[in-house]
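These are the residues of each chain, in order.
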Amino acid sequence: MQRHAEGIVRLGGAGITSGNTVVLRFADGKLETFRLERHPIRRAELSVASPLGRAVLGHHVGDWVQYGAAGQAVTLQIVAVR
């Protein structure tokens, strides 16, 4: 694991996995924070089986990811992983 400026962590190996908290920046600039879980029970938790959850699994800080939502392509950047 490598630490970068502003407390951003670069994961080695497999990248984002279940149990990580991720900060995502969407194309409109909006930041959202989610905790990836196999069985989410709280509003701020995201299922690893959801389209967004599947899209970010294995990726790293700084990666741009695209996934389908409501028939449209959504692009976002992974800003931080905790």
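Quantities reported herein were computed from a predicted structural model and do not represent experimental measurements.

1. Brief notes about the nonpolar core
- Among the nonpolar cores identified, the biggest contains 17 residues, and Leu24, Leu52, Val56, Leu76 and Ile78 are the most heavily contacted of them.
- At the level of secondary structure, the elements contributing two or more residues to this core comprise β3 (21–26), β4 (31–37), α1 (51–56), β6 (64–69) and β7 (72–81).
- Contacts of Leu24, omitting those with residues within four sequence positions, involve Lys30, Leu31, Glu32, Phe34, Leu52, Val56, Leu76, Gln77, Ile78 and Val79.

2. A few points about the side chain of Ser50
- Along the chain, Ser50 turns up in the loop between β5 (45–47) and α1.
- Looking at Ser50, its side chain comes within polar contact range of the main-chain oxygen of Ser47, at 2.8 Å.

3. Let's talk about the confidence of the model for the chain
- Per-chain confidence: the chain averages 86 in pLDDT, with 84% of residues scoring 70 or above.
- Within the chain, strand β1 (residues 2–3) has the poorest average pLDDT of any element, 44, and β3 the best, 97.
- In the model, residues 1–9 has pLDDT below 50 throughout and makes 13 contacts with residues more than four positions away in sequence or in other chains.

4. Here we look at the sheet that holds β7
- The strand order across the open sheet formed by five strands is β5-β4-β3-β7-β6, and the pairing between neighbours is mixed. The outermost strands of the open sheet, each flanked by one partner alone, are β5 and β6. For this sheet, the mean angle separating the axes of adjacent strands, direction not counted, is 45°.
- Examined bridge by bridge, β4 and β5 share three bridges and lie parallel to one another. Across the sheet, residue Arg35 finds its bridge partner in β5, namely Glu45.

Scoring rules and cut-offs
Residues numbered from 1 in each chain as written. Predicted model: local features only at pLDDT ≥ 70, side-chain atom pairs only at ≥ 80, totals over all residues. Heavy atoms only, no water. Core = buried A, V, L, I, M, F, W, Y, C linked by side-chain atoms within 4.5 Å. Buried < 20%, exposed > 50% of the residue type's maximum accessible area, 1.4 Å probe, protein only. Helix = DSSP H or I, 4+ residues; strand = E, 2+ residues; numbered from the N terminus. Contact = heavy atoms within 4.5 Å. Polar contact = N/O pair within 3.5 Å; in protein donor to acceptor, adjacent residues only side chain to side chain. pLDDT = per-residue confidence, 0-100. Pairing = 2+ DSSP bridges. Axes fitted to C-alpha atoms, helices over the stretch in contact; angles between N-to-C directions.

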